[in-house]
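Here is how the chains run, residue by residue.
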Amino acid sequence: MRKKLTRRDIVKGSAALGLTMFASPLKAAAPEPVAITPGLIEAALKEGKVILYSSMDLPVGEKLGKAFEAKYPGMQVQIERSGSERLFQRVAQEFGSNIHAADIINTSDASHIISWKKNGWLAPFVSEDIAQHFLPAFRDPDGMSATSRIYLSSIAYNTNLVKPEDAPKSFADLLDPKWAGKMVKDIRPIAAPS
């Protein structure tokens, strides 16, 4: 008997975007890479919409959505943009109420994936594109997620106020009470090429 393909099936197939999918329980090992077939696309077109929860900058998400819509004419991408922590809370509330609105989620906090995987909220899926273009080190070994972005977080200090030998050498050093009230955190995205 042939399985009826759904919108979620095509969304899983779009994993080449490097995003994390939600759906069914945890599996023991990554599934074999899957091709995006005309049948899969046809089934998705019947549902017609992909819902992306994302913490990425809205212009970047919109560009990603437009690229998906151009590749799969007839599909609409609905972007629900929020901060990672708010998305994390929203997903937990939705799963707690048995609501599964998101097809794909992109978070900037990798620890969320650990929690979602532990809760059985991720569906294993590896597209041929993910298998081909993402190094294994950037893919979950069970096929639950792929890393699509990495942020560099460094420690800088004012050389007029702190001598090099007194400067913190690690993030653990910042826990020293001598730095209390003397730190700022600056998050500046690196502009992606157009």
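Counting starts from 1 at the beginning of each chain's written sequence and moves along it residue by residue. Thresholds applied to this predicted model are a pLDDT of at least 70 for local features of residues and 80 or more for the giving and counting of side-chain atom pairs; totals over whole chains, interfaces and linings are not thresholded and use all residues. The side-chain numbers reported here are obtained from all heavy atoms of the structure, hydrogens and water having been left aside.

Requested: an account of the environment of Phe125, with residues and values cited.
Working definition: helices are DSSP H or I runs of at least four residues, strands are E runs of at least two. Numbering for both runs from the N terminus. As for its position among the elements, Phe125 is in the loop between helix H5 (110-118) and helix H6 (128-133). C-alpha of Phe125 to C-alpha of Ala30: the two residues are 95 residues apart in sequence and 7.1 Å apart in space.

Break down helix H2 (residues 38-47) for me, with residues and values.
Exposure is judged per residue with a 1.4 Å probe applied to protein chains only, and the accessible area is read against the type maximum: over 50% gives exposed, under 20% gives buried, and values in between give partly exposed. For H2, the set of buried residues is Leu40, Ala43 and Ala44. Down the axis of H2, the buried set is contained in an arc of 100°. They therefore lie on one face. Away from its buried face, by an angle of more than 90 degrees, H2 presents the exposed residues Pro38 and Lys46. Trailing H2 by a residue or two, Gly48 shows a phi angle of about 80°, which is positive. By definition, the arc is the one covered by directions from the helix axis to the C-beta atoms.

So, the side chain of Ser84: which residues are in play, and what are the values?
Among the structural elements, Ser84 can be located in helix H4 (residues 84-96). Distance and chemistry together define a polar contact, namely a pair of N or O atoms within 3.5 Å, with one atom able to donate a hydrogen and the other to accept it when in protein, and with adjacent residues in sequence counting only for side-chain atoms on both sides. Within the local environment of Ser84, its side chain forms a polar contact with the side chain of Ser108, the two groups lying 2.7 Å apart. The contact rule is simple, with two residues in contact once any of their heavy atoms fall within 4.5 Å. For Ser84, the residues in contact, after removing those within four places along its chain, are Ser55, Thr107, Ser108, Asp109 and His112.

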